[in-house]
Amino acid sequence: MDQTESYPVKLYIYDMSRGMARQLSPLMLGRQLDGIWHTAIVIHGKEFFFVGEGINNCPPPGSVVDLGSTEVSAELFMDYLMSLAVSTYGRDKYNLFEHNCNTFSDEVAQFLTGKNIPSYITDLPSEVLSTVTVRSAVFLFRPFGQILRPLLDSISVNPGGSNITGQR
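As annotated in an unreviewed UniProt entry, the protein carries the name palmitoyl-protein hydrolase and is attributed to Dissostichus mawsoni. The UniProt entry for the protein carries the following comment under Catalytic activity (unreviewed entry): "S-hexadecanoyl-L-cysteinyl-[protein] + H2O = L-cysteinyl-[protein] + hexadecanoate + H(+)". In its Sequence similarities (unreviewed entry) section, the UniProt entry covering the protein states "Belongs to the DeSI family."

### Considerations on the overall build of the protein
In terms of helices and strands, the protein carries six helices and six strands. Here the protein holds 168 residues, and 40% of them are scored as buried. Taking the contacts inside the protein whose residues are at least 6 apart along the sequence as the reference set, 68% of them involve residues at least 24 apart. In the structure as shown, the protein presents an accessible area of about 9,200 Å², 56% of it carried by carbon and sulfur atoms.

### Re unusual backbone geometry
At Arg18, a residue that is not glycine, the phi angle is positive and equals roughly 50 degrees. Here Arg18 lies in the loop between β1 (7-15) and α1 (20-29). The backbone of His44 shows a phi angle near 55 degrees, a positive value even though the residue is not glycine. When you line up the elements, His44 lands in the loop between β2 (37-43) and β3 (46-51).

### Digging into the confidence of the model for the protein
Looking at the protein as a whole, the pLDDT averages 80, with 74% of positions reaching at least 70. Throughout residues 134-140 the model reports pLDDT below 50, and contacts reaching past four residues in sequence, or to other chains, amount to six contacts.

### Some points on the pattern of salt bridges
Taken as a whole and assessed by the stated rule, the structure comprises four salt bridges. For the salt bridge of Arg22 with Asp34, the shortest nitrogen-to-oxygen distance reads 3.5 Å. One end of the pair, Arg22, is in helix α1; the other, Asp34, is in the loop between α1 and β2, with twelve residues separating them in the sequence. What makes Arg22 partly exposed here is its relative accessible area of 46%. A salt bridge links Glu127 to Arg31; its shortest N-O distance comes to 3.0 Å. One end of the pair, Glu127, is in helix α5 (residues 124-129); the other, Arg31, is in the loop between α1 and β2, with 96 residues separating them in the sequence.

### A closer look at the packing of aromatic side chains
One pass over the full model with this rule turns up seven aromatic pairs. Aromatic ring contacts, followed pair by pair, group Phe50, Tyr89, Tyr94 and Phe104 into a single cluster.

### Notes on helix α3 (residues 101-113)
An ideal rise of 1.5 Å per residue puts 18 Å on 13 residues; α3 measures up with 18 Å between its terminal C-alpha atoms. Those residues of α3 that sit buried are Cys101, Asn102, Phe104, Ser105, Asp106, Val108, Ala109, Leu112 and Thr113. In this structure Asn100 caps α3, since a side-chain oxygen of it lies 2.8 Å from the backbone nitrogen of Asn102. The positive-phi residue at the C-terminal boundary of α3 is Gly114, with phi of around 80 degrees.

### Describing the side chain of Asn102
Along the chain, the position of Asn102 falls in helix α3. Here Asn102 falls in the buried class, since its relative accessible area comes to 5%. Discounting residues that sit within four places of it in the chain, Asn102 has contacts with Trp37, His38, Thr39, Ile117, Ile121 and Thr122.

### Considerations on a nonpolar patch on the surface
The grouping of Met20, Leu24, Leu27 and Met28 at the surface amounts to a nonpolar patch, some 340 Å² of accessible area in total. Summarising the element assignment, Leu27 is placed in helix α1. A residue is classified by how much of its surface remains accessible, and Leu27, at 49% relative accessible area, is partly exposed.

What counts as what
- Residues numbered from 1 in each chain as written.
- Predicted model: local features only at pLDDT ≥ 70, side-chain atom pairs only at ≥ 80, totals over all residues.
- Heavy atoms only, no water.
- UniProt positions renumbered as here; feature names shortened; annotations may be inferred.
- Helix = DSSP H or I, 4+ residues; strand = E, 2+ residues; numbered from the N terminus.
- Buried < 20%, exposed > 50% of the residue type's maximum accessible area, 1.4 Å probe, protein only.
- Contact = heavy atoms within 4.5 Å.
- Areas by Shrake-Rupley, 256 points an atom, 1.4 Å probe, with all protein chains shown as cover.
- pLDDT = per-residue confidence, 0-100.
- Salt bridge = Lys/Arg side-chain N within 4 Å of Asp/Glu carboxyl O.
- Phe/Tyr/Trp six-rings, centres within 6.5 Å; stacked < 30°, edge-to-face > 60°.
- Expected span 1.5 Å × (residues − 1).
- Polar contact = N/O pair within 3.5 Å; in protein donor to acceptor, adjacent residues only side chain to side chain.
- Patch = residues over 30% accessible without salt bridge, like charges linked within 9 Å, V, L, I, M, F, W, Y side chains within 5 Å.

Written as C-alpha cells, this is what we have:
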C-alpha cells in the first residue's frame, strides 16, 4: 500500500506597527486598521518569508493561522522556493505595496494547500492607498495613502533570517 506523508502548513502573522496602526490609522487615514501585516509560511520546521533581500527563512515564532496540510516534501518545497527566488521573488522584485511578504505567503499557501491567506492581509495595501481623509483635501482629494506612499516605499522591511539563496 502506497502511503504519502502529510505536512502541516501554517501562516504566521505579525503586526509590524506593534499596535501603532490601530491607534494612528483613524487620524491619518480616516479608517481603522488593525495592523500592518507581515506574513510567513511555516512548513518543515522553518518559517519562510519574502523581504527586500529575497526569500528568507528562520525558526518560527509569531501568530498562527492553520492553513491545513500538504503532501509536498521538503525537497520538492525547497526546489519550488529556489525557482521562485529566481523567477518571481528575487531581491530586486520586492515592493512594499504590490509584491511583498504577503503576496509571497499567499502564493506559497496556494501551492501547498490550494488555499489563500486571509484577505484582510492581502487587501491592506490597496485599502491604505485608496483612503481619503479631510486632511488630504488640501491635496486635491488625492488619497492620503498615495501621499504617504513615497515615504512608505523608502522603508526597508527585514525581520531577519537567512536568505535561502545564500545572497544578501
